[in-house]
Amino acid sequence: QVQLVESGGGLVQPGGSLRLSCVASGNIFSINAMGWYRQAPGKQRELVAHITSGGSTVYPDSVKGRFTISRDVAKNTAYLQMNSLKPEDTAVYYCNADLRRSFFDTNNNYWGQGTQVTVSS
């Protein structure tokens, strides 16, 4: 069984910063890639940041230069540093991992339960 647990969400004023963490635990052989997505009320879930096992990153234009994703491979943990937050960043943020549970397993996709980020004065 695999679990992804996010933490670090909360209420922050515009221009402020938050750091989200995602810890993957359980039967994990290797993690190929991890990512952060977000979903605002009435909107589709969208990619916020993605990082491969080699450290390559992808960001949409909406967060580029403000958000930074990183990984601690030894701890099966991904981080999302969010700076210069805007009200439009308000959403539930979800962690995603593409991983194998054993040597013989194929890559499977897992999601965390989400953490709320609210940017408001």
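Residues numbered from 1 in each chain as written. Predicted model: local features only at pLDDT ≥ 70, side-chain atom pairs only at ≥ 80, totals over all residues. Heavy atoms only, no water.

K.L.:
Can you tell me about the overall build of the protein chain, naming the residues and giving the values?
P.N.:
On a plain count of helices and strands, the protein chain comes out with zero helices and 11 strands. Its helices and strands in sequence order give the protein chain the pattern β-β-β-β-β-β-β-β-β-β-β, from N to C terminus. For 121 residues, the compact-globule estimate of 2.2 N^0.38 gives 14 Å, and the C-alpha radius of gyration of the protein chain, at 14 Å, lies within 12% of that figure. Along the first, second and third principal axes, the C-alpha set of the protein chain runs to 50 × 25 × 25 Å. Taken over 121 residues, the protein chain has a buried fraction of 39%. Counted over contacts in the protein chain with a minimum sequence separation of 6, partners at least 24 positions apart contribute 56%. Accessible surface, the protein chain as shown: approximately 6,500 Å² in total, 48% of it carbon and sulfur. (Helix = DSSP H or I, 4+ residues; strand = E, 2+ residues; numbered from the N terminus. Rg over C-alpha atoms; globule rule 2.2 N^0.38 Å. Buried < 20%, exposed > 50% of the residue type's maximum accessible area, 1.4 Å probe, protein only. Contact = heavy atoms within 4.5 Å. Areas by Shrake-Rupley, 256 points an atom, 1.4 Å probe, with all protein chains shown as cover.)

K.L.:
I'd love a proper account of the packing of aromatic side chains, names of residues and values included.
P.N.:
By the definition in use, this model includes three aromatic pairs. Here Tyr37 and Trp111 contribute two aromatic rings whose centre-to-centre distance is 5.0 Å and whose plane-to-plane angle is 65°, an arrangement assigned as edge-to-face. With Tyr37 in strand β4 (residues 30-39) and Trp111 in strand β10 (residues 108-111), this pair connects stretches of sequence that are 74 residues apart. Relative accessible area serves as the criterion here: at 21%, Tyr37 is assigned to the partly exposed category. Ring centres 5.3 Å apart and planes at 90° place the aromatic pair Phe103 and Phe104 in the edge-to-face group. (Phe/Tyr/Trp six-rings, centres within 6.5 Å; stacked < 30°, edge-to-face > 60°.)

K.L.:
With reference to specific residues and values, describe the nonpolar core.
P.N.:
The biggest cluster of nonpolar side chains holds 30 residues, and the ones touching the most others in it are Met34, Trp36, Val48, Phe67, Leu80, Met82 and Tyr93. Elements that contribute at least two residues to this core include exactly β1 (2-7), β3 (18-26), β4, β5 (46-52), β7 (67-72), β8 (77-82), β9 (91-100) and β11 (115-119). Here this core takes five residues from β9, the largest share from any one element. Other than its neighbours up to four places away in sequence, Leu80 contacts Leu18, Arg19, Leu20, Trp36, Val48, Ala49, Phe67, Thr68, Ile69 and Tyr93. (Core = buried A, V, L, I, M, F, W, Y, C linked by side-chain atoms within 4.5 Å.)

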